[in-house]
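Each chain, letter by letter, is given below.
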Amino acid sequence: MDQVEIFKALSNKTRLQILNWLKAPAENFPEQPNADFENIGVCVGQIQLKAGLSQSTISEYLSILQRADLVSATRVGQWTYYKRNKEGIEQLSKIINSEL
């Protein structure tokens with residue numbers, strides 16, 4: 001996990017908001033048919049609606065977070081769902097506690 005890439009991913013207000021929303025998806029997003037928040041994640045379309053940005057921008061933001069190992073993606077048919085990567089978040093916590 002590249003520390004610079006992680007902190008670049010966190011340097012954007014909307015990306016930070018997305019991580020915060022994904023921490024408690026049931027509180028931040030409407031119910032989804034055919035996908036539960038804990039196991040599958042939140043549909044990218046729901047994230048896009050909440051953020052109020054274009055789908056291409058949200059997709060880029062989610063790709064940046066995924067490359068930093070902060071979120072994981074699951075594809076179900078034509079839809080992509082995202083959730084927080086708990087292991088990546090724990091690794092970030094360890095970096096902050098031990099190296100900063």
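About the criteria used
Just so you know, the residues in each chain are numbered from 1, in the order the chain's sequence is written. Local features in this predicted model are restricted to residues of pLDDT 70 or higher, and side-chain atom pairs are both shown and tallied only at a pLDDT of 80 or more, whereas totals for entire chains, interfaces and linings draw on every residue. Hydrogens and waters are ignored; side-chain quantities use all the structure's heavy atoms. What counts as a helix is a DSSP run of H or I of at least four residues, what counts as a strand is a run of E of at least two, and both are numbered from the N terminus. Each radius of gyration is computed over the set of C-alpha atoms, and the globule rule expresses the reference value as 2.2 Å times the number of residues to the power 0.38. Working definition: with a 1.4 Å probe on protein chains only, accessible area under 20% of the residue-type maximum means buried, over 50% means exposed, and in between means partly exposed. Side-chain atoms alone can form a polar contact between residues adjacent in sequence; in general such a contact is a pair of N or O atoms within 3.5 Å, and within protein one must be able to donate a hydrogen while the other accepts it. Any two residues whose heavy atoms approach within 4.5 Å are treated as being in contact. Two strands pair if DSSP finds at least two bridges between them. The span you would expect from a helix comes to 1.5 Å times its residue count less one. Starting at the helix axis, one direction is taken to each C-beta atom, and the arc is that of these directions. Every case where a carboxyl oxygen of Asp or Glu lies within 4 Å of a side-chain nitrogen of Lys or Arg is listed as a salt bridge.

Under an unreviewed UniProt entry, the name given to the protein chain is ArsR/SmtB family transcription factor, and the source organism is Pedobacter lithocola.

## Focus: the overall build of the protein chain
In terms of helices and strands, the protein chain carries six helices and three strands. Seen in sequence order, the protein chain has helices and strands lined up from the N terminus as α-α-α-β-α-α-β-β-α. For the protein chain, whose C-alpha radius of gyration is 13 Å, the value lies close to the compact-globule estimate of 13 Å for 100 residues. Oriented by its inertia axes, the alpha-carbon framework of the protein chain measures out at about 40 × 25 × 25 Å. Expressed as a percentage of the 100 residues in the protein chain, the buried residues total 37%.

## Things to note about the side chain of Gln-32
Position of Gln-32 relative to the elements: it lies in the loop between helix H3 (25-28) and strand E1 (42-43). Within polar-contact distance, the side chain of Gln-32 engages the backbone nitrogen of Cys-43 at 2.7 Å. Excluding residues within four positions of it along the chain, Gln-32 makes contact with Phe-37, Gly-41, Val-42, Cys-43, Gln-46 and Tyr-81.

## Considering the pairing of strand E2 (residues 71-76)
Across six bridges, the pairing between E2 and strand E3 (residues 79-84) is antiparallel. The residue bridging Arg-75 from the neighbouring strand is Thr-80, located in E3. Counting the residues between successive antiparallel strands, the hairpin from E2 to E3 contains two residues, one of them, Gly-77, with a positive phi of roughly 60°.

## Details of the sheet that holds E2
Reading across the sheet, the three strands line up as E1-E3-E2 and stay open at both edges, with antiparallel pairing between neighbours. Looking at which strands have only one partner, the edges of the open sheet turn out to be E1 and E2. Relative to E3, E1 runs antiparallel, the two sharing two bridges. Considered in E3, the bridge of Val-42 is made with Tyr-82.

## Quick look at helix H5 (residues 55-67)
With 13 residues, H5 extends 18 Å from end C-alpha to end C-alpha; this agrees with the ideal 18 Å at 1.5 Å per step. Buried within H5 we find Ile-58, Tyr-61, Leu-62, Ile-64 and Leu-65. For H5, the buried positions fall inside an angular range of 155° around the axis, keeping them on one side. The exposed residues of H5 that point more than 90 degrees off its buried face are Ser-56 and Arg-67. Buried residues along H5 sit against helix H1 (3-9), helix H2 (13-23), helix H4 (44-51), E2 and E3.

## Considerations on the pattern of salt bridges
Proximity of charged atoms lets side chains of opposite charge pair with each other. The final tally for this structure, using the stated rule, is two salt bridges. The shortest N-O distance in the salt bridge between Lys-8 and Glu-5 comes to 3.8 Å. On the criterion of helical spacing, the pair formed by Lys-8 and Glu-5 is a turn pair, its members being three residues apart in helix H1. Judged by its relative accessible area of 47%, Lys-8 falls in the partly exposed class.

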